[in-house]
Amino acid sequence: MSRSAHPAGPRHADVLPEGHPSAPPADLNHLDRKVWASTVTRTPDGVVSVGGIEVTRLAEEFGTPAYLLDETDFRERARAWRTAFGPDADVFYAGKAFLSRAVVRWLHDEGLNLDVCSGGELTTALSAGMPADRIAFHGNNKSVDEIETAIRAGVGRIVLDSFQEIVRVAHIAQSLGKRQRVQIRITVGVEAHTHEFIATAHEDQKFGIPLAGGQAAEAVRRALQLDGLELIGIHSHIGSQIFDMSGFEVAAHRVVGLLKDIRDEHGVELPEIDLGGGLGIAYTSDDDPREPHEIAKALTEIVSRECEGAKLRTPRISVEPGRAIVGPTAFTLYEVGTIKPLDGLRTYVSVDGGMSDNIRTALYDAEYSVALVSRTSEAAPMLVRVVGKHCESGDIVVKDAFLPADLAPGDLIAVPATGAYCRSMASNYNHALRPPVVAVRDGEARVIVRRETEEDLLRLDVG
Ligand code: LLP
């Protein structure tokens, strides 16, 4: 389909549904640095480029929809986290946000460790050469096979999530003649200010062992008694897409409180604490995320202060950012298919992907922004809802945004900040083919995860 501009469509700039929160931005061609990957820019001819390559060329070569990942930005962000925390702390990238072998190699190059939460992620990490001792293995229901594979591989730590798992991991380690380094994940009872489905430190949920009622202390007691385990620390992850640091402060306070109780009861000072991931990123211009150096400073100060108060040696801190590293580095490139103006409401813009490549809008009511990237336009803003091609009315990619009123079929639009939890949560709903991830750097583009094909779908269908 041609990408040339079509005659102007109906204008809806002056028709906002009642209670609509935002006004159109002053300049629709402007790319807000906050939400776009660092090398994204608009070239003099109006086309947006990433890593020095125009999106129109990328669309021709790799098709749409596609996740375009700015490798330079990824490496810069990984390095910024590593540098901010310094040599006395560890940064474990949370692979669940997005993992591929290229990503593992970049992390390895940049000196980061890796958090995996399934056998599949572990295999990917090991197959790309991440040293096992730099891998942490998570999960609330790791299978016996997964635990065995992780211990045999020699993972640096397994994060224990339940009383049963304490015994299970100890038993498997012992039967393999090993002593496994472990942390215990606790829930500290903090209400993180984020969507209910991604808040994880309140007690009424499936992760971790509650600090409340002495359960975490009991878990420590049991772990310390088992020969197959070397208890190295306590883990807390309070949730995801969090901007307010106060939840981390309370978590650090409570984790250090437990370390103190452990010292008092057992005469043991555990050498490590992990404060998890969860730092928010900008999805729209309204979001104001913190920089890694501010986060590192805040967290290390809280922990040192708390330890000083408790007369404990300051433990080695680790953190597990996923979204904050990969989220802003990619955008999804779509081609506009049909455009349906609904008078007095909004215009529905259908793209060639949808909830199969970005489930976050439907699942968490997530907000995204969108821009016309194959050209500029001076047309008036129109209120749009960007929707996919799936058989479901909840198939929404961007709920409310503005695009130029001359938007036309064949135009390319892009949704920024889709690096985290989009490809990794992508599905084959309606037998959609999951889009490729194309890494772009210094004028070169390469596919790091290829597009699925119909043959891939049929290969699984063995009936
Ligand atoms: N560490 C642990 C133990 C975690 O469970 C998670 C995320 C992370 C680290 C990384 O969190 P991040 O820095 O990426 O926020 N699918 C949801 C997010 C689920 C997060 C699950 N755990 C979303 O799309 O928002």
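This is a predicted model, so every value here is computed, not measured.

**Q** Talk me through the overall build of the protein chain; I want residue IDs and the actual numbers.
**A** For the protein chain, the count of helices and strands is twelve helices and 21 strands. In summary, the protein chain has a C-alpha radius of gyration of 24 Å against a globular reference of 23 Å for 463 residues, a match within 12%. The dimensions of the protein chain, computed from C-alpha atoms along their principal axes, are 75 × 50 × 40 Å. Residues counted as buried form 56% of the 463 residues belonging to the protein chain.

**Q** Please give an account of the environment of V182 that cites residues and values.
**A** As for its placement among the helices and strands, V182 is situated in strand β9 (residues 180-187). Remark: the alpha-carbon pair of V182 and V169, spanning 13 residues in sequence, is separated by 9.1 Å. The residues touching V182, leaving out its near neighbours within four places in the chain, are I158, L160, V169, L229, E230, L231, I232 and G233.

**Q** How would you summarise the sheet that holds strand β1 (residues 41-42) if you had to cite specific residues and measurements?
**A** Spatially, the three strands line up as an open sheet ordered β1-β2-β3, and their pairing is antiparallel. Every interior strand has two partners, whereas the edge strands, β1 and β3 (53-54), have only one. Relative to strand β2 (residues 48-50), β1 is paired through two bridges, and the arrangement is antiparallel. Considered in β2, the bridge of R42 is made with V48.

**Q** I'd love a proper account of the confidence of the model for the protein chain, names of residues and values included.
**A** Detail in the predicted coordinates should be disregarded across regions flagged by low pLDDT. Confidence in the prediction of the protein chain, expressed as mean pLDDT, is 93, and 93% of residues score 70 or more. Here residues 1-15 scores under 50 on pLDDT; set against residues more than four positions off or in separate chains, the count is 43 contacts.

**Q** Hey, could you go over the site of the ligand for me, with residue numbers and the actual values?
**A** Around the ligand, the surrounding shell holds 19 residues, and the nearest of these are S240, E320, R360, Y364 and Y421. At 2.8 Å from an oxygen atom of the ligand is found a main-chain nitrogen or oxygen belonging to G278. Residues lining the shell around the ligand come from more than one domain, with at least three contributed by each of domain 1 (41-70 + 328-460) and domain 2 (71-326).

**Q** Which residues make up the domain arrangement of the protein chain, and what are the values?
**A** By the assigned domains, the protein chain splits into domain 1 (41-70 + 328-460) and domain 2 (71-326). Taken over C-alpha atoms, the centre of domain 1 sits 33 Å from the centre of domain 2. Facing 25 residues of domain 1, the contacting portion of domain 2 comprises 23 residues. Summing both sides of the interface, domain 1 and domain 2 together bury roughly 2200 Å²; the carbon and sulfur share of this comes to 60%. For the domain 1 face of the interface with domain 2, the top three residues by lost area are P328, Y421 and R441, together amounting to 27%. Here domain 1 is connected to domain 2 by one salt bridge. Put simply, R441 and E71 hold a salt bridge, and the shortest N to O gap is 3.1 Å. Applying the counting criterion to the domain 1 and domain 2 interface returns twelve residue pairs in polar contact (both at pLDDT 80 or more).

**Q** Account for the pairing of β9, naming residues and giving values.
**A** Every regular strand shows the same layout, with side chains that alternate between the two sheet faces. For β9, a buried count of seven out of eight residues is recorded, marking the element as mostly surrounded by other parts of the structure. With three bridges connecting them, strand β8 (residues 157-160) and β9 associate as parallel partners. Looking at the pairing, L160 lines up with I184 of β9. In this region the chain leaves β8, passes through helix α6 (residues 163-175) and returns to the parallel neighbour β9; the handedness of that crossover is right-handed. Of the strand pairs in this sheet, β9 and strand β11 (residues 229-235) are connected by six bridges, and their pairing is parallel. Within the sheet, the bridge partner assigned to R185 lies in β11 and is H235. Summarising the sheet, β9 and strand β10 (residues 209-210) pair through two bridges and their orientation is parallel. Note that in β10 the partner of T187 across the bridge is P210.

What counts and what doesn't
- Residue positions are given per chain, counting from 1 as you read along its sequence in written order.
- The model is predicted, so local features are restricted to residues of pLDDT at least 70 and side-chain atom pairs to those at 80 or more, both for listing and for counting; the totals for chains, interfaces and linings are taken over all residues.
- Working from all heavy atoms in the structure, the side-chain values ignore hydrogens and water.
- Secondary structure follows DSSP: runs of H or I at least 4 residues long count as helices, runs of E at least 2 residues long count as strands, and numbering of each begins at the N terminus.
- Note on method: radius of gyration uses C-alpha positions; expected globular size equals 2.2 Å times residues raised to 0.38.
- Throughout, exposure labels follow a simple rule: accessible area from a 1.4 Å probe, protein chains only, divided by the maximum for the residue type, with under 20% read as buried, over 50% as exposed, and the rest as partly exposed.
- Two residues form a contact once any of their heavy atoms are found within 4.5 Å.
- Paired strands are those between which DSSP finds at least two bridges.
- On a scale of 0 to 100, pLDDT captures the predictor's confidence in every residue.
- Any residue with a heavy atom lying within 4 Å of a molecule or strand is counted as near it.
- N or O atoms closer than or at 3.5 Å make up a polar contact, with two conditions inside protein: a donor-capable atom paired with an acceptor-capable one, and, for residues adjacent in sequence, both atoms drawn from side chains.
- Residue ranges for the domains originate in an automatic or database domain assignment.
- Take the accessible area each of two parts loses on contact, using a 1.4 Å probe, and add the two losses: that sum is the buried area.
- Salt bridge, as used here, is a side-chain nitrogen of Lys or Arg placed within 4 Å of a carboxyl oxygen of Asp or Glu.
- Throughout, right-handed denotes a crossover for which the path from the first strand over the helix to the second runs clockwise when the strands point away from the viewer.

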